[in-house]
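What follows is each chain in one-letter form.
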Amino acid sequence: AQSVAQPEDQVNVAEGNPLTVKCTYSVSGNPYLFWYVQYPNRGLQFLLKYITGDNLVKGSYGFEAEFNKSQTSFHLKKPSALVSDSALYFCAVRVFTGKLIFGQGTTLQVKP
Amino acid sequence: GAGVSQTPSNKVTEKGKYVELRCDPISGHTALYWYRQSLGQGPEFLIYFQGTGAADDSGLPNDRFFAVRPEGSVSTLKIQRTERGDSAMYLCASSQQGSDTQYFGPGTRLTVL
């Protein structure tokens, strides 16, 4: 079965420090991977995606993600966290029918 | 440009009632998706339209749930005989022909009392 796992319910970092939000996946074939962010009472905002090509993908708001095929991971990273980055982050994989399968989400808390 | 819009933003209903949730996709987007997000969970797929037809409805939980997209633009998710377990955020997303990226609306929060 195809699935996505986000092993951390919450990640806490200090403002200015680097952040990593972890994601691992299980799919058959080549994965199409996505990161979305959700602010309270809002819909999901697209951050970035990996389809093919370079393993390091750059996205919106200074975020990037590293695709690692051998570890079946797609971790979200940012070199210097901002308080405004505090939100709920979802990793997702697209299956061949077009639908997205989401992880459970990770709450990122950035403290001043 | 305008994003995906969903109405109403909030809907409170009583158990057993019928509800309709509306989604207006981004203009020109041919694909439209419905997802359901329960508190503390990731969104779960319900149904996917390509144009007017449902290309994949494997996520609809039972026959109380139905969705239409008669003109290939606006879509309506219909829930009959609502149950308390239907309470959730219902999210709609759309994407362009040939694109993998789905853009989400703000959602409709449904509460069944």
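Scoring rules and cut-offs
- Residues numbered from 1 in each chain as written.
- Chains lettered and ligands numbered in written order.
- Predicted model: local features only at pLDDT ≥ 70, side-chain atom pairs only at ≥ 80, totals over all residues.
- Heavy atoms only, no water.
- Salt bridge = Lys/Arg side-chain N within 4 Å of Asp/Glu carboxyl O.
- Buried < 20%, exposed > 50% of the residue type's maximum accessible area, 1.4 Å probe, protein only.
- Pairing = 2+ DSSP bridges.
- Helix = DSSP H or I, 4+ residues; strand = E, 2+ residues; numbered from the N terminus.
- Axes fitted to C-alpha atoms, helices over the stretch in contact; angles between N-to-C directions.
- Contact = heavy atoms within 4.5 Å.
- Buried area = accessible area lost by both parts, 1.4 Å probe.
- Polar contact = N/O pair within 3.5 Å; in protein donor to acceptor, adjacent residues only side chain to side chain.
- Disulfide = S-S within 2.5 Å.
- Core = buried A, V, L, I, M, F, W, Y, C linked by side-chain atoms within 4.5 Å.

Colleague: Please clarify how the pattern of salt bridges should be interpreted in this entry.
Modeller: When the charged atoms of two side chains lie near each other, side chains of opposite charge can form a pair. In the structure shown here, the tally under the stated rule is 7 salt bridges over all chains. A salt bridge links E64 of chain A to K58 of chain A; its shortest N-O distance comes to 2.9 Å. In this structure, D24 of chain B and R22 of chain B form a salt bridge, with 3.0 Å as the shortest nitrogen-oxygen distance. Under the relative-accessibility criterion, R22 of chain B is labelled partly exposed at 38%. The structure contains a network of salt bridges with shared partners spanning R64, E83 and D86 of chain B.

Colleague: Help me out: how do you make sense of the sheet that holds strand β3 (residues 19-24) of chain B in this one?
Modeller: Two orientations exist for strands paired in a sheet by backbone hydrogen bonds: parallel and antiparallel. Residues and elements named next belong to chain B. Read across the open sheet, the 4 strands follow the order β1-β3-β8-β7; overall the sheet is antiparallel. The strands lining the two open edges of the sheet, one partner per strand, are β1 (5-7) and β7 (65-68). For this sheet, the mean angle separating the axes of adjacent strands, direction not counted, is 15°. Here 3 bridges tie β1 to β3, and the two strands are oriented antiparallel to one another. Its bridge partner lying in β3, Q6 is registered against C23.

Colleague: Which parts of the structure should I look at to understand the interface of chain B and chain A?
Modeller: One frequent convention defines the size of an interface as the accessible area lost when the parts assemble. Of the residues lining the interface, 21 residues belong to chain B; the matching set on chain A comes to 20 residues. Carbon and sulfur atoms make up 50% of the area that chain B and chain A hide from each other, which totals about 1600 Å². Inspection of the chain B/chain A interface yields 1 salt bridge. Residues D100 of chain B and R94 of chain A are paired through a salt bridge, measuring 3.4 Å at the closest nitrogen-oxygen approach. Seen at the junction of chain B and chain A, the total is 8 residue pairs in polar contact (both at pLDDT 80 or more). Elements with a contribution of two residues or more to the side of chain B that touches chain A: β4 (31-37), β5 (44-50) and β10 (103-104) of chain B. Of all the elements, β4 of chain B adds the most residues to the side of chain B that touches chain A, at 3 residues.

Colleague: Just checking my understanding: could you explain the state of the cysteines for this structure?
Modeller: Each disulfide consists of a covalent bond between the sulfur atoms of two cysteine residues. For the coordinates displayed, the defined rule picks out 2 disulfides over all chains. Residue C23 of chain A pairs covalently with C91 of chain A via a disulfide, S to S 2.0 Å. Residues C23 of chain A and C91 of chain A are joined by a disulfide whose S-S torsion is about -65°; by sign, that bridge is left-handed. Within this pair, whereas C23 of chain A is found in the loop between β3 (19-21) and β4 (24-26), its partner C91 of chain A is found in strand β10 (residues 87-94), the two being separated by 68 residues in sequence. Shown here is the disulfide that connects C23 of chain B with C92 of chain B, its sulfur atoms set 1.8 Å apart. Because the sign of the S-S torsion sets the handedness, a value of about -65° for the bond joining C23 of chain B and C92 of chain B places this disulfide among the left-handed ones. Placement of C23 of chain B in strand β3 and of C92 of chain B in strand β9 (residues 88-95) is noted, with a sequence separation of 69 residues between them. Across this residue pair, the class does not change: C23 of chain B and C92 of chain B are buried.

Colleague: Sorry, what's going on with the nonpolar core here?
Modeller: Where a protein is soluble and globular, its nonpolar side chains tend to be buried together. Formed by 26 residues in total, the largest nonpolar core has its most connected members in W35, L47, L48, F74, L76 and Y89 of chain A. Elements represented by at least two residues in this core include exactly β2 (10-14), β3, β5 (32-38), β6 (44-50), β8 (64-68), β9 (73-78), β10 and β12 (106-111) of chain A. By residue number, the principal contributor to this core is β10 of chain A, which donates 4 residues. Residues contacting Y89 of chain A, with those up to four places away along its chain left out, are Q6, W35, Y36, V37, L47, F63, L76, G105, T106 and L108 of chain A. Among the nonpolar cores identified, the runner-up in size contains 20 residues, and L21, I26, L32 and L77 of chain B belong to it.

Colleague: For this particular structure, what's the right way to read the side chain of T13 of chain B?
Modeller: Mapped onto the fold, T13 of chain B is located in strand β2 (residues 10-13). You can call T13 of chain B buried: its relative accessible area is 8%.

Colleague: Explanation requested: the environment of R64 of chain B in the structure shown.
Modeller: Residues and elements named next belong to chain B. When you line up the elements, R64 lands in the loop between β6 (53-56) and β7. Classification of R64 as buried rests on a relative accessible area of 6%. On a C-alpha basis, the gap between R64 and Q80 in space is 4.9 Å, while along the polypeptide they are 16 residues apart. Setting aside residues up to four positions removed in sequence, R64 forms contacts with K78, I79, Q80, R81, T82, E83 and D86. Side-chain polar atoms of R64 contact the backbone oxygen of R81, separated by 3.2 Å.

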